[in-house]
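Notes for the structure review
Each chain, letter by letter, is given below.
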Amino acid sequence: MTADLAAFLRARLDDDEQAARAAKPGPWIRHDHVAGEHADDAAPDGRPYGSAVADCRRVPDGYGVPNALHIVRHQSARVLAEVEAKRRLVDLHQGEGEFPKCAVCAQPETFDEDVDGNQERFRWAESTPCLTLRLLALPHADHPDYRQEWRP
């Protein structure tokens, strides 16, 4: 089941990467940043050359500024960095072998003696997907391939 969850997460990260690469890379700026009181960092034409603009002035429902701030905050470069960090987490917590177990999120350490009386330290791994992978999958709970048994 851990392998299935890891594959699910990798597919969602691939989706996020594809969307980020398809978007204009930016830098994104708020439209009022161009023409309003915060225009001191804009070029004479009103915005930095080649920048993408998240327009927050022409939205009738009053959500223009929050929408623009959200777009600006989640620029492609940031999304790509988050995708890479999450891929590393999936790799770290996936485990290996036929019955992969996460050694990172294992139960507390215990000690055992070998036949010569030497103590060895063991970490007892979980047999189900670790909490870290289940938490990483939670934002995708509305995806049709998400399984309810992954819910933390």
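First things first, this report covers the structure right here in the doc. (Residues numbered from 1 in each chain as written. Predicted model: local features only at pLDDT ≥ 70, side-chain atom pairs only at ≥ 80, totals over all residues. Heavy atoms only, no water.)

Section: helix H4 (residues 76-94)
The first and last C-alpha atoms of H4 sit 26 Å apart over 19 residues, in line with the 27 Å expected at 1.5 Å per residue. Inspection of H4 places Ser76, Val83, Val90, His93 and Gln94 among the buried residues, and these make up the whole buried set. For H4, the angular spread of buried residues about the axis comes to 115°, placing them on one side. Opposite the buried face of H4, at more than 90 degrees from it, the exposed residues are Ala77, Arg88 and Leu92. (Helix = DSSP H or I, 4+ residues; strand = E, 2+ residues; numbered from the N terminus. Expected span 1.5 Å × (residues − 1). Buried < 20%, exposed > 50% of the residue type's maximum accessible area, 1.4 Å probe, protein only. Arc of directions from axis to C-beta.)

Overview of the pattern of salt bridges
Tallying each qualifying case throughout the model produces eight salt bridges. Asp14 serves as the salt-bridge partner of Arg87, at 2.7 Å between the closest nitrogen and oxygen. In this pair, Arg87 is assigned in helix H4 and Asp14 in helix H1 (residues 2-22), connecting sequence segments 73 residues apart. Put simply, Arg78 and Glu82 hold a salt bridge, and the shortest N to O gap is 3.0 Å. Taken together, the residues Arg78 and Glu82, both in helix H4 and four residues apart, mark about one turn of the helix. Exposure remark for Glu82: the relative accessible area of 31% places this residue in the partly exposed category. A cluster of three or more residues bridged by salt bridges with shared partners is formed by Asp14, Glu17, Arg21 and Arg87. (Salt bridge = Lys/Arg side-chain N within 4 Å of Asp/Glu carboxyl O.)

A look at the packing of aromatic side chains
Within this structure, the stated rule accounts for three aromatic pairs. Seen in terms of ring centroids, Tyr146 and Trp150 are 5.8 Å apart; in terms of plane orientation they differ by 85°. Their pairing is edge-to-face. Of the two residues, Tyr146 and Trp150, both sit in the buried class. (Phe/Tyr/Trp six-rings, centres within 6.5 Å; stacked < 30°, edge-to-face > 60°.)

Focus on the environment of Ala7
You can see Ala7 is positioned in helix H1. Taking the relative accessible area as the measure of exposure, Ala7 reaches 43% and is therefore partly exposed. The spatial distance from the C-alpha of Ala7 to the C-alpha of Gln94 is 9.6 Å, given a sequence separation of 87 residues.

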